[in-house]
Amino acid sequence: MFDAKTTCVVVVGAQWGDEGKGKLVDVLAERADLVVRYQGGANAGHTVVIGDTQFILRQIPSGILHPGVTCIIGNGVVLEPENLFAELDQLTQRGIDTQGRLYVSDRAHLVLPYHKLLDAASEKSQKLGTTKRGIGPAYEDKFGRRGIRVTDLRHLDCARALLADRVERANRLLELMGSAERASFDLHAGLLERLAPRLLPLAADTGLLVHRAVGQGRRILLEGAQGALLDVDHGTYPYVTSSNTTAGGAAVGAGIGPTAIDGVLGVVKAYTTRVGNGPLPTEAPSPLGERLRELGGEFGAVTGRPRRCGWFDATVVRYAVRVNGLTGLAVTKLDVLDTFAEIPVCTSYRLGQDDCEEMPAEVEVLARVEPMYQVLPGWQTPTGGARRLADLPAAARSYLDRLQALSGVPVRYVSVGTRRDQIIEVK
Ligand code: IMP
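Residues numbered from 1 in each chain as written. Predicted model: local features only at pLDDT ≥ 70, side-chain atom pairs only at ≥ 80, totals over all residues. Heavy atoms only, no water.

An account of the site of the ligand is needed here, citing residue identities and associated values.
Close to the ligand lie 16 residues, the nearest being Asp18, Asn43, Thr131, Thr241 and Arg305. Between an oxygen atom of the ligand and a main-chain N or O atom of glycine 129, the distance comes to 3.3 Å. Here an oxygen atom of the ligand and a backbone polar atom of valine 275 are 3.4 Å apart. When the ligand is considered free in solution it has 470 Å² of accessible area, and contact with the protein chains removes 97% of it. When grouped by side-chain class, the residues that make up the shell around the ligand number 6 nonpolar, 8 polar and 2 charged. (Near = heavy atom within 4 Å. Polar contact = N/O pair within 3.5 Å; in protein donor to acceptor, adjacent residues only side chain to side chain. Areas by Shrake-Rupley, 256 points an atom, 1.4 Å probe, with all protein chains shown as cover. Nonpolar A, V, L, I, M, F, W, Y, C, P; charged D, E, K, R; others polar.)

Structure (structure tokens):
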């Protein structure tokens, strides 16, 4: 991905999240100097398998698993500090030295326990299927200009005053929503006091760090969370997350200008999954959906919820190509399809008598589209050992060729298993 002219690359999910960005970033980070998370928070679950050890990283970029890489949690992230410390402790216990390699933007907003109470209470009526990690309420506070940021911990007296106001407001909202839960000011104030001494040494003007790294021509990966169809602007609203998951969000959330970005790699599964509610046009009927779920281990990394599974949807991916400006694709979990005799691929949608080539704005319309399938022959051969395209069975290569032709961008990587080495770089 990196070359003399391409030093700053965004990696985004091009479906509904869980595409395997963690593994891709881990593989690409081997050649990177800096890895930056730019949006979302502890709702993400990036899984990386090294040897027999599985790491699930929610907030820390997967680049942390490479010793020479510096990692940044950017201003666009909503940070849950206690979870961050738990992640750091877990890494240390497993022999990963994070000292001096992780910085947190002092402009990042905090996710506090009252955000989780509000998330849980609003789920009762909205039923979006959120992760209940407080993400939506934390972004609401950010854009309502009443958030508490990392930098506020530098002035604990002021932070306490902010907190008193925010906790009272949260409690009024909880009452309005009919929830019996209440947030405790003392608990929150104690939390901020405990967090500050550990968080502040990590706090920095991370936009400046990234800007300088760009100027020095260092290799930078901007790591997105979730996927294009969960983007608050471009996704299947209102069944979306609360941030811009698409590549435009990378500049804002990392604190650099868009002109610094040289390429955008979109990660797609060789099929499609979704957690949470909202339409999924290519959802496979029983028992095929269950078979994909079992073979792919499709259970949420954060919530453990079973993921809904279906076939590759080219309308979704073409849309993701457009709204992200994708310059390449990484196709993951090809091996999950190894045992299927036939593999349907959705090439376009029909809506009544009409073709529907673009993603509709309304979820009610998306719920009514009829996917048009082309059924491709399966390869029924294990692919987990392939390390070059030529190692793949012909039918698997034809399958990838078809995905590439339908998407309109070149396939640059193919992942054929959970392990680090199970990857094909397409030269
Ligand atoms: P929230 O981000 O917790 O507010 O959840 C909003 C929607 O995004 C729900 O459908 C979640 O299941 C989905 N979501 C959030 N994070 C992820 C993720 O990392 N992978 C897949 N879906 C996610």
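Still more ground to cover, so stick around.
Give me the lowdown on the packing of helix 3 (residues 113-126) against helix 4 (residues 135-143), citing residues and values where you can.
Between helix 3 and helix 4, whose axes approach to 7 Å, the crossing angle comes to 115 degrees. On the basis of the axis angle, helix 3 is roughly perpendicular to helix 4. In this structure, helix 3 crosses over helix 4, and the sense of that crossing is right-handed. When helix 3 is examined against helix 4, the residues Tyr114, His115, Leu118 and Asp119 are found in contact with a partner set consisting of Ile135, Pro137, Ala138 and Asp141. Partitioning the contact of helix 3 with helix 4 into residue classes produces 5 nonpolar, 1 polar and 2 charged. (Axes fitted to C-alpha atoms, helices over the stretch in contact; angles between N-to-C directions. Helix = DSSP H or I, 4+ residues; strand = E, 2+ residues; numbered from the N terminus. Parallel < 35°, antiparallel > 145°, perpendicular 65-115°, else oblique. Left-handed = near helix turned anticlockwise from the far one by under 90°. Contact = heavy atoms within 4.5 Å.)

Describe the sheet that holds strand 19 (residues 411-415), with residues and values.
Ordered in space as 9-7-5-2-10-1-11-15-19-20, the 10 strands form an open sheet in which the pairing is mixed. Here the strands that pair on one side only, and so sit at the sheet edges, are strand 9 (203-204) and strand 20 (423-425). Across 3 bridges, strand 5 (residues 70-73) lies against strand 7 (residues 102-105) in parallel orientation. Within strand 7, the residue paired with isoleucine 73 across the bridge is valine 104. (Pairing = 2+ DSSP bridges.)

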